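Here is what each chain is made of, one letter per residue.
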Amino acid sequence: MKNLKQVYAALALAALASTAPVQAQEIIKLGISAPMSGAAAVWGLGMEWTAKQAAEKINLDGGVTVGGKKYNFAVVAYDNKYTAAEGTKVAQNLINRDKVKFIVGGIGTAPISALQSLSERSGVMIFISAWGKSVKGPQFPLTFTQSNTPFEILDPLYKYVLAQNPKAKTVAILNANDASGKEVELVAQKAWAAQGVKVLSSNWYERGTTQFQPVAAKLTEQKPDIIDLGVAPPADAGIVLKELGVLGWKGVKVLPVGTSATQLAQIGGAAANGTYMGYAGDYSSSLATPVQQILNQGMLAQFKEPLNPLQVSSYDSVYALKAAMEASNSIDPKKIAAVLPTLVFETSYGKTVFGSKAIYDSPQQMQVPVMITQVQDGKMVELTRIIPEELKARLAAAK
Amino acid sequence: MGNARGSTTLYVALLSLLVLGGSLFAGTGFAASLVIWVAINILLAASFRFVQLIGELNFAIAGFVGVGAYVAGVCTTKLGLPFVVALVSAALAATLLSLIVGYITLRTKGPYFMLISFAFTEVLRMVYTQIDYIGSNSGMLGVFPPVLLTDYYPTFVVAVVLLSLIVLYKIEQSDFGKVLVAIRNNDAIVQTVGINVHLTKVSCLAISSFIAGICGALLAHANNVISPDDFSFLLAVYTLAYIKVGGESHIAGPILGASVLTLLAQVAMGFGPFEHIFYGAAIVIAVLLMPDGLVGIIRKFLGLPPKPQAAAKH
Amino acid sequence: MEIFGQLFINSLQISAAYILFSLGLTLIFGVMKVVNFAHGEFFGLVLLLIAILVPWLNSPSVPLVVAYGASGAVSILATMACGWFLYHFAFKKFQRDMVGSFVLSVGLSLLIQGLFLEFFGGVPIKLPDLIEGNLRILGGAITTQRLVLTLIALLVAVTMCWLIAATKLGKSLRAVSEDHEAAMLQGIPYRKTALYGFLIATFLAAIAGALLAPVTVISANVGSDFLIKGFIAIVIGGLGSIPGSIIGSILIAVIESVGGYYFDPSLATLAMFVITMLVLLVRPKGIMGNG
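Cut-offs used in this document
Every chain is numbered independently, its residues counted from 1 as its sequence is written. In the order they appear in the text, chains get letters beginning with A and ligands get numbers beginning with 1. With pLDDT at 70 or above as the cut-off, local features in this predicted model cover only qualifying residues; side-chain atom pairs require 80 or more to be listed or tallied, and sums for whole chains, interfaces and linings still use all residues. The basis for the side-chain values is all heavy atoms of the structure; hydrogens and waters are excluded. Elements are defined by DSSP. Helices are runs of H or I of four residues or more, strands are runs of E of two residues or more, and each kind is numbered from the N terminus. Values of the radius of gyration come from C-alpha atoms, whereas the globule rule sets the reference at 2.2 Å times the count of residues to the power 0.38. Residue exposure (1.4 Å probe, protein chains only): buried if accessible area is under 20% of the type maximum, exposed if over 50%, otherwise partly exposed. Per-residue and other accessible areas follow the Shrake-Rupley method at a 1.4 Å probe size, with only the shown protein chains counted as cover for residues. Counted as positive: Lys and Arg. Counted as negative: Asp and Glu, with His and the chain ends omitted from the count. Every charge is mapped onto a representative atom, which is NZ of Lys, CZ of Arg, CG of Asp or CD of Glu. To qualify as a nonpolar core, a set must consist of buried Ala, Val, Leu, Ile, Met, Phe, Trp, Tyr and Cys residues joined through side-chain atoms within 4.5 Å. As a per-residue quantity, pLDDT reports the predictor's confidence and falls between 0 and 100. In what follows, residue pairs with any heavy atoms lying within 4.5 Å of each other are defined as contacts. Interaxial angle, 0 to 180 degrees, is taken between N-to-C directions of lines fitted to C-alpha atoms, where a helix line uses only the stretch in contact. Roughly parallel here means an angle under 35 degrees, roughly antiparallel means over 145, roughly perpendicular means 65 to 115, and every remaining angle is called oblique. By the convention adopted, Pro, Cys, Tyr, Trp, Phe, Met, Ile, Leu, Val and Ala count as nonpolar, Lys, Arg, Asp and Glu as charged, and the other residues, Gly among them, as polar. By definition, the buried area sums, over both parts, the 1.4 Å-probe accessible area that each loses when the two are put together. When a carboxyl oxygen of Asp or Glu is within 4 Å of a side-chain nitrogen of Lys or Arg, the pair counts as a salt bridge. Crossing chirality is assigned from the near helix's rotation relative to the far helix, an anticlockwise turn below a right angle marking it left-handed and a clockwise turn marking it right-handed. Only when DSSP finds a minimum of two bridges between them are two strands counted as paired. N or O atoms closer than or at 3.5 Å make up a polar contact, with two conditions inside protein: a donor-capable atom paired with an acceptor-capable one, and, for residues adjacent in sequence, both atoms drawn from side chains.

**As for the overall build of chain A**
A count of helical and extended segments in chain A gives 14 helices and 17 strands. Rg of the C-alpha trace for chain A: 22 Å, near the compact-globule value of 21 Å for 399 residues, within the 12% margin. On the principal axes, the C-alpha backbone points of chain A span a range of 70 × 70 × 40 Å. For chain A, the proportion of its 399 residues judged to be buried stands at 62%. Entry remark: accessible area of chain A is about 14100 Å², with carbon and sulfur atoms responsible for 57%. Taking the average location of the 38 positive side-chain charges in chain A and that of its 30 negative ones, the two points are 4 Å from each other.

Here it is, written out as C-alpha cells:
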C-alpha cells in the first residue's frame, strides 16, 4: 500500500508541474489541425509544408516585430484524421498542452467544429478551410477562413461547366457520409437547381470503403449527364472515376473539391480525364505570382504534386497574421482579430482582404480567386480564373 | 483480520482524500484534462473488469459508454436539463439498453459473446452516424458542465469515480460478488443450487453498464464534443489494455493500469501513430510477460501469495 | 436486365478478394482455435512492401510484370518469415485459448498498424495496372485485371479445398481441428500441424495481398478494412470451416454489391453487422460450422 501512496503522490506532483508555463518568450507557435493520413493525407501534409515555408521566410527576414520585440514563428501540426474524435484530441493538445494561440490551418468540418468549440472559449484565433457554413458567423469572432468554400466555388463552377456542356440536364451527386459531405451536399443541390439542372439522386458512401463498384453502379443507374463527386478526397474520387470508366459511363465529371490532377490521374487512369475541378490552380505559369511558382516547385520536389489552393492557404494565413500583428502592435488574438478585417495585406496572391460580410454576416472570408481547372491527359489545365468583386472594390478603394 | 480490514479502510480513505485534494489544484488547463482522463479511464477499466467477474469480455462497453454520452449530451444541449439529471439519465439509459441486450446475448459465452458485443458496438456506432438529431458524423457540440462546476470539474469527476469504485468494490466483496465468481468458475454448479444464472449474469452486465453510462456522461462533458468515432471498438481495446497492464485480480489493477498507461501515453509520447504503437505494445507485453499485470508484480514484491487464477480456457 | 449481370460480376469480384482473406483466417481458427485479429496485417505487410518495391524496381530495363513478380515473391517470403516469428513467440502459447489469443492479436494489430503508419506515411498509393483493358461478361463490365484475379482466387480456393480433403496434411489439419487430443492419440504431430496450419494461413493472406496489389489503393490500415469483412464472413460461414468461409465471403459480397446498389452502401455495412449478431445468437457455429 505504501508503494501505491507514493505512486499517487508522484502523480499529483506531475499534474501540478505540468501547469507551469513552458513557452519561451521569443517563439510564437502556430498550430495546424488537418488530416495527415488516409485518403486526404496530401491536403494536411501540404498545408504543413507551406506554413513552414512561410514561417521560415518570415523568421529569416527578421521575424515579427511587436511592441519593439522580435518574435519567430514555429509550426506545430497534428493529424486530425478527418474525424471529430481525433479533432477534439488535437484541439486539446494544441490549445491546452502546447499553449498555442494561433491556428493557421484547419481542414475537415467535423474536426474543425471540435477545434472551434475550444478555441473560441480559450481566446485562440483560428484560420480554417472548413467547408461548412456552420463554422462561420459573428458568434465566432476569432475564426477566419483563408480559402474558398462551396459558397464561393459552386456557383461559378457549375455555371462554367454548363456553359461548356450545354446539353447536360441531369446530375447524380456522391458524397462521403461525414460532416463536410453533409454540408456541401445541401449547397450543391441548391446550386444545381439554380442552374436548371435536375438532381437525379444524392448518394452517400462510408469512409473506409474499399470496393467502389456498387457505388459506381448506383451513380450511373439513371444515366445522368453529370456526376458530381462533392467532397470526396482525392484517393476515393480517383477510384470512383476508375469504376465509372469500367462501366463505360461517359458524361461530365465534376469534383468541386478536386485539388490536383496527379492523384486523380494516378488512381483513376484515363477515366480521370475531363474532370472539372474547383479547388486546384495553375501555379506553375505566369498566371501565378513568383512566390507561388517557387512554392509550386517546392511541392513538386517534396510531394511530387503541384501546389493547390488548399495547401497554399496556410502560407497566406501566416502572412495575414503577421500583418495583423504588426498593424495592431499586439500578440493578443482578440486585438488582432479586431484589426484584421480592416487591413489590406500581402499574401502569395498579392494584396488581398477579408470580407464577405453579406454571406456570413461577418467579414471572415479571405478574398482569393476562384480557379476552375480540368484534367487533360493526366495533367491539370487551368480554364479560367475569377477575381471576387469585393476584392476588386477594396483594392480600388485602397488606392 | 479485523485490524487488517480496518487499516485498509483507513488507507483507502486517506488516499481518496489526498487524491481529491490534489485534484483541486488541477485548474482548467491541460493538467485538468489529464486528471479527468485518468479518472474516467480508471472507471472504464473497473466497469469492464466487473463483467470479467462472470468470465466475459464485454466489448460492448464502448457501446454503452456511447449511449450514456449521447443521452447526457442530448439532455444538456437539446433539452436543457440540469447536469445531475443528464448524468442519471445517461446511466439509466445505458442500464436499460444493457438489460435488453444482455438478456438476449448472455445466453452465449466466451468468444461468441465477445464477437457479438464487438458487432453490437459497431452497429451502435453506425446507427449514431445515421441520426441527424444527434449530429451524425459531425458529432454533438457544446456539451458543457454547469457553470458552477467549470473550475472544479476535475474534482467532481474524481469524486464520482472514487464513489463508483467503492460501490463496485463493495459489490464484488459481497455475497453477490461471490456468486459472480462462482459462475465464472462453473455456472452449471451454480445453477444446481437454485440460483438463476442467466438473470444474475444480466444483472452483472447491468451494473457494469450503469457505470459505463456514467463514464459516458462524464466524458461528454469533459470533451464538450462527442462523435460516433469516440465510441468505436478501439475504446474497448484501450480499456482492455488498462486492465491487462494493471492486472485483473484486484480492483487496484484497473486503477494502476489506467493511470500508468494514460499518463505515459499523454505526457511522454504524444499521440498519432505513437498512440497505436504504445497501446498495442502495452497489450502485447502485458499479455506475454505480465499475466497478472502490475498488481501481480506488486504482489510478488510484497511477498503475498498470488491469487488463484480462474479457469481461462473454454 | 443488364443490371443483374453487373451486380453478379460485382459480387463475384468482391467475393474473390474476401475469400482469399477469410480462408486463412478460418484455417487458423480451426486448427489452433485462435482468433487472430492481426491476420489483416500480413495482408497489409505484403501490400506495403510491394508498394515500395515495385516503383523502385520498375524502370525501362525492368518490365512491370517482372517488377510485380519479384516484389510479390520477396514480400510473400518476408511475410511468411514474420508469420513464423509471430507463431513462435506469441501465438504458440495461446493455442486453444480463444480469449487470450484474441486479446494478444488485438494488441499486435494495433502495434503493427502504428508501425506501418510511422514507416509508410499517411498518403495512399495506387500502383500501375498490370493488365490493361475492360471486358463485358454477362452484361456486366469488369477490368481484365480483376477478372484474372478473380479466377486465380477461385483457383486457390479450390486448391485449398482439395488440399484439405485429399492430402495427408489436409487430413491432419481437419483431425486436429475436430478433436486435437484424439488426433494426437492417433500419432498426428499436433505442434507441427499447428505450425503448418498457421503458415498456410499466412501464405494465403500474403497471396491475397500480392494478387490484390495492382487493384487496391494501398495505405497503412488497408489490412483492417479487409479484416473486419473477413471476420464477418467466417462468423457467418462457420468458424473453422473452409467451405463456410467461401460461402460467408460470397454472402457478404452479395450484400455489399446488391445492398449497396438498391439501398445505401452505409446501410449495407450496418446490415452485415446485424446479420453477424443474429448468426452468433441463433446458430453460433455458423452455416457450415463444426466448432
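**Topic: the nonpolar core**
If you look at the biggest cluster of nonpolar residues, it comprises 200 residues, and the most contacted ones within it are Phe-59, Phe-231 and Tyr-279 of chain B together with Leu-27 and Met-160 of chain C. Among the nonpolar cores identified, the runner-up in size contains 109 residues, and Leu-310, Tyr-315, Leu-340 and Met-371 of chain A belong to it.

**Overview of the confidence of the model for chain A**
Per-residue confidence for chain A gives a mean pLDDT of 85; residues scoring 70 or more make up 93%. Between residues 16-24 of chain A, whose pLDDT stays under 50, and residues either more than four places distant or in other chains, the model counts six contacts.

**Considerations on the packing of helix H6 (residues 153-173) of chain B against helix H7 (residues 175-192) of chain B**
Residue and element names in this part refer to chain B. In contact at an axis separation of 4 Å, H6 and H7 are set at 70° when each is read in the N-to-C sense. Classified by the interaxial angle, the pair formed by H6 and H7 is roughly perpendicular. On the side of H6, the interface is formed by Ile-171, Glu-172 and Gln-173, while H7 contributes Asp-175, Phe-176, Gly-177 and Lys-178. When its residues are assigned to classes, the contact of H6 with H7 shows two nonpolar, two polar and three charged.

**What about the interface of chain C and chain B?**
Chain C puts 34 residues into the contact, and the matching count from chain B is 37 residues. Summed over both sides, the interface of chain C with chain B buries roughly 3300 Å², with 87% coming from carbon and sulfur. When the buried surface of chain C facing chain B is broken down by residue, Val-103, Leu-110 and Met-277 of chain C rank first, second and third, together holding 18% of it. Scanning the region where chain C abuts chain B turns up zero salt bridges. Where the side of chain C that touches chain B is concerned, the elements lending two or more residues are helix H4 (98-120), helix H9 (222-237) and helix H11 (265-282) of chain C. When the residues that make up the side of chain C that touches chain B are grouped by side-chain class, the tally is 27 nonpolar, four polar and three charged.

**Notes on the packing of helix H9 (residues 233-246) of chain B against H4 of chain C**
In contact at an axis separation of 11 Å, H9 of chain B and H4 of chain C are set at 110° when each is read in the N-to-C sense. Judged by the angle between their axes, H9 of chain B and H4 of chain C are roughly perpendicular. Seen along the crossing, H9 of chain B lies across H4 of chain C with a hand that is left-handed. Residues Phe-233, Leu-234, Val-237, Tyr-238, Leu-240 and Lys-244 of chain B of H9 of chain B form the contact with H4 of chain C, whose participating residues are Phe-102, Val-103, Val-106 and Leu-110 of chain C. Residue composition of the contact of H9 of chain B with H4 of chain C, grouped by class: nine nonpolar, no polar and one charged.

**Let's talk about the confidence of the model for chain C**
On average, residues of chain C score 83 in pLDDT, and 98% of them are at 70 or above. At the level of chain-chain contacts, confidence expressed as ipTM amounts to 0.79, with global pTM at 0.82.

**Considering the pairing of strand E4 (residues 102-106) of chain A**
Residues and elements named next belong to chain A. Of all the five residues making up E4, five are buried; the element is thus mostly covered by neighbouring parts of the structure. Relative to E4, strand E1 (residues 27-34) runs parallel, the two being bridged by four bridges. In the strand pairing of E4, Ile-32 is matched with Gly-105. Across two bridges, E4 lies against strand E5 (residues 125-128) in parallel orientation. What sits directly across from Phe-102, in E5, is Met-125.

**Remarks on the interface of chain A and chain B**
Contact with chain A, which involves 34 residues of that partner, is made by 39 residues of chain B. Between chain A and chain B the total buried area reaches about 3200 Å² when both faces are included, carbon and sulfur atoms providing 64% of it. Along the contact surface separating chain A from chain B lie zero salt bridges. Remark: the boundary between chain A and chain B carries two residue pairs in polar contact (both at pLDDT 80 or more). Elements represented by at least two residues in the side of chain A that touches chain B include exactly helix H1 (2-17), strand E3 (69-79), helix H3 (84-97), helix H4 (109-122) and helix H6 (179-194) of chain A. Counting residues per element, the side of chain A that touches chain B draws most heavily on H3 of chain A, which supplies ten residues. Partitioning the side of chain A that touches chain B into residue classes produces 13 nonpolar, eleven polar and ten charged.

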